[in-house]
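# Notes for the structure review
In case you want the letters, here they are:
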Amino acid sequence: MGTVKTDALSTTYTSEAYALGTEYVQPADENLAANSTHYGPKTWVFVYNDGTAFAEGDVISIDTSDYAPFHGILCTAAARSAGLILGIAGHAIAAGSYGWIVKKGVCEAKGGGSVNQGDVIVSHTSNQVRTMGSAEEVAILGVALHDDGSAGDLFTVKIDIP
């Protein structure tokens, strides 16, 4: 098994280097050093990519074909229950590989093209986030810290996924 303190969080693996579901809290100073707009600590979770390659900002959900708890796929459902969301990819992870995704803290997400700063966000189709609609409270992932620009653009969010 690897050692989170010495391995980069952007490192990906072809075998299970850490137990699936392992969480690592990145201290605020390390998070800020990695990205000058990311304040505070960030919680990462170790997952297996059970589908198509992940890119930074993709919303990752549990693979509902088998419900293996930390087998992730790109989220293609609008307002999927937050309990089915594993996190947001902080970097690329190839299909069939293992790596770390963000579960809590400030990170970059792909927007649906109509999110405004301060909006509460939920999952959207095409592994993006969008502004929460009526009766979608069960799907809340976090809040937008900036406007998202065009659909698919990365923008800064603060997430807290159960």
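In what follows, the accompanying structure is described. (Residues numbered from 1 in each chain as written. Predicted model: local features only at pLDDT ≥ 70, side-chain atom pairs only at ≥ 80, totals over all residues. Heavy atoms only, no water.)

## Regarding the side chain of E108
Residue placement: E108 occurs in strand 6 (residues 98-110). Leave out the neighbours within four places in its chain, and E108 touches N35, T37, H38, E56, G57, I88, A89, L154, F155 and T156. (Helix = DSSP H or I, 4+ residues; strand = E, 2+ residues; numbered from the N terminus. Contact = heavy atoms within 4.5 Å.)

## Focus on the nonpolar core
Grouped together as the largest cluster of nonpolar side chains are 27 residues, with contacts concentrated most on I121, L141, V157 and I159. Within the residue set of this core, elements represented by two or more residues are strand 2 (42-49), strand 5 (85-89), strand 6 and strand 10 (154-160). Broken down by element, the residue count for this core peaks at five residues, all from strand 6. Beyond its immediate sequence surroundings of up to four residues, I159 is in contact with I88, V102, K103, K104, G105, C107, I121, L141 and G142. Judged by nonpolar contacts, the second largest core, of ten residues, contains F54, I62, L74 and L86. (Core = buried A, V, L, I, M, F, W, Y, C linked by side-chain atoms within 4.5 Å. Buried < 20%, exposed > 50% of the residue type's maximum accessible area, 1.4 Å probe, protein only.)

## What to know about the pairing of strand 2
Of all the eight residues making up strand 2, eight are buried; the element is thus mostly covered by neighbouring parts of the structure. Alternating residues of strand 2 divide into K42, W44, F46 and Y48 and T43, V45, V47 and N49, and every residue in both groups is buried. Bridge count for strand 2 against strand 6 is six bridges, and the pairing is antiparallel. Across the sheet, the residue bridging to W44 is V102, located in strand 6. (Pairing = 2+ DSSP bridges.)

## Describing the packing of aromatic side chains
Enumeration according to the criterion identifies seven aromatic pairs in this entry. Ring centres 5.9 Å apart and planes at 80° place the aromatic pair Y13 and Y18 in the edge-to-face group. Judged by its relative accessible area of 5%, Y18 falls in the buried class. These aromatic residues form a ring-pair network of at least three members: Y13, Y18, F46, Y48, Y98 and W100. (Phe/Tyr/Trp six-rings, centres within 6.5 Å; stacked < 30°, edge-to-face > 60°.)

## Considering the pattern of salt bridges
Enumeration according to the criterion identifies three salt bridges in this entry. Here E23 and K103 are joined by a salt bridge, their closest N and O atoms 2.5 Å apart. Of this pair, E23 sits in strand 1 (residues 23-26) while K103 sits in strand 6, placing them 80 residues apart in sequence. The partner of K110 in a salt bridge is D58, with the nearest N and O atoms 2.8 Å apart. With K110 in strand 6 and D58 in the loop between strand 2 and strand 3 (59-62), the pair connects residues that are 52 residues apart, well separated along the chain. (Salt bridge = Lys/Arg side-chain N within 4 Å of Asp/Glu carboxyl O.)

## Quick look at the environment of D50
Assignment of secondary structure puts D50 in the loop between strand 2 and strand 3. The class for D50 is partly exposed, based on a relative accessible area of 28%. Measuring from C-alpha to C-alpha, the distance between D50 and A94 comes to 9.5 Å, with 44 residues separating the pair along the chain. In contact with D50, not counting residues within four places along its chain, are D63, D66, H71, G72 and I73.

## What to know about the state of the cysteines
Enumeration according to the criterion identifies zero disulfides in this entry. The cysteine C75 is free of any disulfide, with C107 supplying the nearest cysteine sulfur at 14 Å. (Disulfide = S-S within 2.5 Å.)

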